[in-house]
2 protein chains.
Amino acid sequence: MESPAGRAPTPGALPYYVAFSQLLGLTVVAVTGAWLGVYRGGIAWESALQFNVHPLCMIIGLVFLQGDALLVYRVFRNEAKRTTKVLHGVLHVFAFVIALVGLVAVFDYHRKKGSADLYSLHSWCGILVFVLFLAQWLVGFSFFLFPGASFSLRSRYRPQHVFFGAAIFLLSVGTALLGLKEALLFQLGTKYSAFEPEGVLANVLGLLLVAFCAVVLYILTRADWKRPLQAEEQALSMDFKTLTEGDSPSSQ
Amino acid sequence: MESPAGRAPTPGALPYYVAFSQLLGLTVVAVTGAWLGVYRGGIAWESALQFNVHPLCMIIGLVFLQGDALLVYRVFRNEAKRTTKVLHGVLHVFAFVIALVGLVAVFDYHRKKGSADLYSLHSWCGILVFVLFLAQWLVGFSFFLFPGASFSLRSRYRPQHVFFGAAIFLLSVGTALLGLKEALLFQLGTKYSAFEPEGVLANVLGLLLVAFCAVVLYILTRADWKRPLQAEEQALSMDFKTLTEGDSPSSQ
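The structure presented is a predicted model; accordingly, all values stated were derived computationally and were not measured.

Basis of the calculations
- Residues numbered from 1 in each chain as written.
- Chains lettered and ligands numbered in written order.
- Predicted model: local features only at pLDDT ≥ 70, side-chain atom pairs only at ≥ 80, totals over all residues.
- Heavy atoms only, no water.
- Helix = DSSP H or I, 4+ residues; strand = E, 2+ residues; numbered from the N terminus.
- Areas by Shrake-Rupley, 256 points an atom, 1.4 Å probe, with all protein chains shown as cover.
- Salt bridge = Lys/Arg side-chain N within 4 Å of Asp/Glu carboxyl O.
- Buried < 20%, exposed > 50% of the residue type's maximum accessible area, 1.4 Å probe, protein only.
- Expected span 1.5 Å × (residues − 1).
- Contact = heavy atoms within 4.5 Å.
- Buried area = accessible area lost by both parts, 1.4 Å probe.
- Polar contact = N/O pair within 3.5 Å; in protein donor to acceptor, adjacent residues only side chain to side chain.
- Nonpolar A, V, L, I, M, F, W, Y, C, P; charged D, E, K, R; others polar.
- Phe/Tyr/Trp six-rings, centres within 6.5 Å; stacked < 30°, edge-to-face > 60°.
- UniProt positions renumbered as here; feature names shortened; annotations may be inferred.
- Least-squares fit on C-alpha atoms with pLDDT ≥ 70 in both.
- pLDDT = per-residue confidence, 0-100.
- Core = buried A, V, L, I, M, F, W, Y, C linked by side-chain atoms within 4.5 Å.
- Axes fitted to C-alpha atoms, helices over the stretch in contact; angles between N-to-C directions.
- Parallel < 35°, antiparallel > 145°, perpendicular 65-115°, else oblique.
- Left-handed = near helix turned anticlockwise from the far one by under 90°.

A short note on the overall build of chain A
- Along the backbone of chain A there are 7 helices and 0 strands.
- Accessible surface, chain A: about 11,100 Å² in total, of which carbon and sulfur atoms supply 71%.

In C-alpha cells form, the structure reads like this:
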C-alpha cells in the first residue's frame, strides 16, 4: 500500500469507479431537480416554493459535494498533500454553505406558514448532521491545516477523522432518505400505495442515493486504493519542525 | 496489527465499546417493544396486531443480531478461526430466520387487509437487503466455510465480503429508519408535529438505532482492533492443501 517516493501508478479500476460515482451523484442531483420541477412546481425563494430549496440544497451540499470532498484523496493521488487537504476543506465549506441555504429555506418556510419546527426524526437527524459536520470541520482544520498540531497528534487523530467523516456522510444520506419519505407521505398520502408516478420516481431517487453512498464508501474503504505516501509529505505534514517527535506517517 | 502466534492481548478499550454496543442494541430492542406495547396494542399473529410482528422481528434480526454477527471477529480474538467463522455464519442464519418471520408477517397482514405490497421506498430497500443478505451469506459460505476455495481466492474475496457485510448492515438500519418514519406518519399524521409522546419516543428510537449502528461500525473499522492472526489459522484456512498457492493471509 505504501509506495516509494515519486509518482505512484493509479490503480487500474479506480478511475472507472470514480467516474461511476460522479455519474450517480449527478443523476441524483438531476432526478431531485426533475422531481421538484415536474411534481412540486419548481423552485423560488419568495413563495410557497421556498420549501423546495431545502431538498435541492441538501442533496447538492450534504450528499454530492460532501461525497466528492471525501474522494479527493483517492482522485488526487500525486498532488502535494497540502493542496489536496485544502481542496478537501474547501469542498466541505461549499457543502456547508449550500446546506445552510437549504436549512434557512425550510425554517423560513415553516415560519411563514406557522408550522412547527424540529419535531420529526428527519429534523433531529439533520440537526445532528449539522452539529457533527461543523465540529468535524473545525477539529479537522485545527489539526491538519492550522500549523501547530504535532505530527504524532495528527497521526493519532487521522483515523478518527476518517471514521467520523464517513459516518457524517452516511448520516447525511440517511437523513435525506427520511426527508424524501416524509415529503412523499405528506404529499401523496394513500395515493403512494397506488404506484403514483411521483412515488415511483422518488423511490428510484432513494435507490440512487443509496447507490451513490455505496460507491463512495467502496472507493474510500478499499485498502489498496488509499493515497500513497508522497516524498515531500513527511516534511510538509510536520511543518518542518516536529520531525523527530512522531513515528512514521500512515497514508491518508 | 499482525501479532505473533499465541494469545494476543485484547486492546484495552475494546471491551468497553463492545459492552456499550450491546447496551445500545438491547435498548433498541426494548424501546421497540415498549413502543409497540404502549402505543400499538402489543403483538399477536392472528389479529390486526400481526403487523407489529414485522418491526420487532426486523429490529431483532436485521439490526441487533446482524450487528452482533459482524462483531464476532472482534470479540472472539483468540478462539480458533473456524469456530468464530461458524458462529458468524450461524448468527446470520438466526438473523435471517427471524427477519423472514417479520417479512411473512407484513405480507400476510397486507393480504388479509387487502393493502398493496412493495410500493414504498422502505419496502424496496427491504427487498434489496434480503436479496443482498442471502447472496452474501451463500457466497461467504462457499468461500469461507465450504472446503474448496483456494487460499488466494479467499484472500482476494475477503475485503469484498467485509465491505458488503457492513454495507448490508447499514442498509438494514437505514431501511428500519424509513419503516419507523412510515409507521409514524401513517398513524400520527399531523399530530406528529404536535410532539405527541409516541412521536418523541419513536424519534428517540431512531437516534438509538443510529447510535448502535455507529458504535458497531466504529468497532469494526478500527484498524488496531482487527483480529490478530492465530498460529493455527494458516493451516486451518487452507484446509491443509493449498499451502503453497497463495500469499500470506491478512487478518480478518
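That was the structure; now back to the text.
Points about the pattern of salt bridges
All names here are of chain B.
- Under the criterion given, the structure shown has 12 salt bridges over all chains.
- One salt bridge connects Arg 111 with Asp 108, and the closest N-O pair in it is separated by 2.5 Å. Highlighted residues: Arg 111 and Asp 108, both in helix α3 (residues 81–113), separated by 3 residues, approximately one helical turn.
- Note on Arg 111: relative accessible area 58%, which makes it exposed.

Topic: helix α3 (residues 81–113) of chain A
- Here α3(A) contains 33 residues, and its C-alpha end-to-end distance of 48 Å stays within 8% of the 48 Å for a straight helix at 1.5 Å per residue.
- Once α3(A) ends, the next one or two residues include A:Gly114, with phi positive near 75°.

Re the interface of chain A and chain B
- Listed by partner, the interface residues are 35 residues for chain A and 35 residues for chain B.
- Counting the surface lost from both chain A and chain B, the interface buries some 3,100 Å², and carbon and sulfur atoms represent 79% of this.
- For A:Lys181, the salt bridge is made with B:Glu182, and the minimal N-O distance between the two is 2.0 Å.
- One can count 10 residue pairs in polar contact (both at pLDDT 80 or more) joining chain A with chain B.
- Those elements that provide at least two residues to the side of chain A that touches chain B are α4 (121–145), α5 (151–188) and α6 (197–221) of chain A.
- In terms of residue count, the dominant contributor to the side of chain A that touches chain B is α5(A) (11 residues).
- Split by residue class, the side of chain A that touches chain B holds 24 nonpolar, 7 polar and 4 charged.

Considerations on the packing of aromatic side chains
- Applying the stated criterion to the full structure yields 30 aromatic pairs over all chains.
- Between A:Phe169 and A:Phe212 the ring centres are 6.1 Å apart and the planes differ by 75°, which places this aromatic pair in the edge-to-face class. Separated by 43 residues along the polypeptide, A:Phe169 in helix α5 and A:Phe212 in helix α6 bring together distant segments of the chain.
- Judged by centre distance (6.3 Å) and plane angle (45°), the ring pair of B:Phe141 and B:Phe146 falls under tilted.
- For B:Phe146, a relative accessible area of 48% gives the class partly exposed.
- Taken together through their ring pairs, the aromatic side chains of A:Tyr17, A:Tyr218, A:Trp225, B:Phe163 and B:Phe164 make up a single cluster.

Structural notes on the UniProt feature "transmembrane region" (unreviewed entry) in chain A
- As annotated by UniProt and renumbered to match this structure, "transmembrane region" (unreviewed entry) occupies residues 16–39, 51–74, 86–107, 127–149, 161–180 and 200–220 of chain A.
- Secondary structure content for residues 127–149 of chain A is 83% helix and 0% strand, and the end C-alpha separation is 29 Å.

With respect to the relation of the copies chain A and chain B
- In the superposition of chain A on chain B (RMSD 0.0 Å, axial shift 0.0 Å), the rotation amounts to 180°. Here the copies are linked by what is in effect a two-fold axis.
- Most of the interface of chain A is mirrored in chain B: 100% of its interface residues are interface residues there too.

Concerning the confidence of the model for chain A
Residue and element names in this part refer to chain A.
- Per-residue confidence for chain A averages 90 on the pLDDT scale, and 89% of its residues sit at or above 70.
- When the criterion is pLDDT under 50, residues 1–5 qualifies, and its contacts beyond four places in sequence or with other chains add up to 13 contacts.
- Overall, residues 238–252 carries pLDDT values under 50, and its contacts beyond four positions in sequence, including any with other chains, amount to 38 contacts.

Focus: the nonpolar core
- One finds A:Leu209, A:Phe212, A:Leu217, B:Leu209, B:Phe212 and B:Leu217 to be the most contacted residues of the largest nonpolar core, which totals 120 residues.
- Ignoring anything within four residues of it in the chain, the contact list for A:Phe212 reads A:Ser21, A:Leu24, A:Gly25, A:Val28, A:Val63, A:Phe64, A:Gly67, A:Asp68 and A:Phe169.

Some points on the side chain of B:Thr84
Residue and element names in this part refer to chain B.
- Turning to its location among the elements, Thr 84 is positioned in helix α3.
- Here Ala 80 takes part through its backbone oxygen, which lies 3.0 Å from a polar atom of the side chain of Thr 84.
- When near neighbours in sequence (up to four residues on either side) are disregarded, Thr 84 contacts Val 72, Tyr 73, Phe 76, Glu 79 and Arg 227.

Brief notes about unusual backbone geometry
- Notably, A:Leu118 is not glycine yet its phi reads approximately 55°, a positive angle.
- Inspection of the secondary structure assignment puts A:Leu118 in the loop between α3 and α4.

Looking at the packing of α6(A) against helix α4 (residues 121–145) of chain B
- With their axes 9 Å apart at the nearest point, α6(A) and α4(B) run at an angle of 40° to one another. Taken together, α6(A) and α4(B) sit at an angle that is classed as oblique. The handedness of the crossing between α6(A) and α4(B) is right-handed. Between α6(A) and α4(B), the contacting residues are A:Val200, A:Asn203, A:Val204, A:Gly206 and A:Leu207 on the first element and B:Leu121, B:Trp124, B:Cys125 and B:Leu128 on the second.
- For the contact of α6(A) with α4(B), a count of residues per class yields 7 nonpolar, 2 polar and no charged.

Thoughts on the environment of A:Val86
All names here are of chain A.
- With respect to the secondary-structure elements, Val 86 resides in helix α3.
- On the basis of relative accessible area, Val 86 is assigned to the partly exposed category, the value being 38%.
- The spacing of Val 86 and Phe 144 is 58 residues in sequence and 9.6 Å in space, taken between C-alpha atoms.

Details of the packing of helix α2 (residues 53–75) of chain A against α3(A)
Residue and element names in this part refer to chain A.
- Where α2 meets α3, the axes come as close as 8 Å, and the angle between the chain directions of the two elements is 170°. Taken together, the axes of α2 and α3 lie roughly antiparallel to each other.
- Of the residues assigned to the contact of α2 with α3, the class counts are 20 nonpolar, 7 polar and 3 charged.

Description of the environment of A:Gln50
Residue and element names in this part refer to chain A.
- Turning to its location among the elements, Gln 50 is positioned in the loop between α1 (14–39) and α2.
- Residue classification places Gln 50 among the buried positions, given a relative accessible area of 0%.
- Residues Gln 50 and Asp 108 lie 58 residues apart in sequence; the distance between their C-alpha atoms is 8.2 Å.
- With residues near it in sequence (within four places) discarded, Gln 50 still touches Ala 44, Trp 45, Ala 105, Asp 108, Tyr 109 and Lys 112.
- Side chain to side chain, Gln 50 and Lys 112 meet in a polar contact 3.1 Å long.

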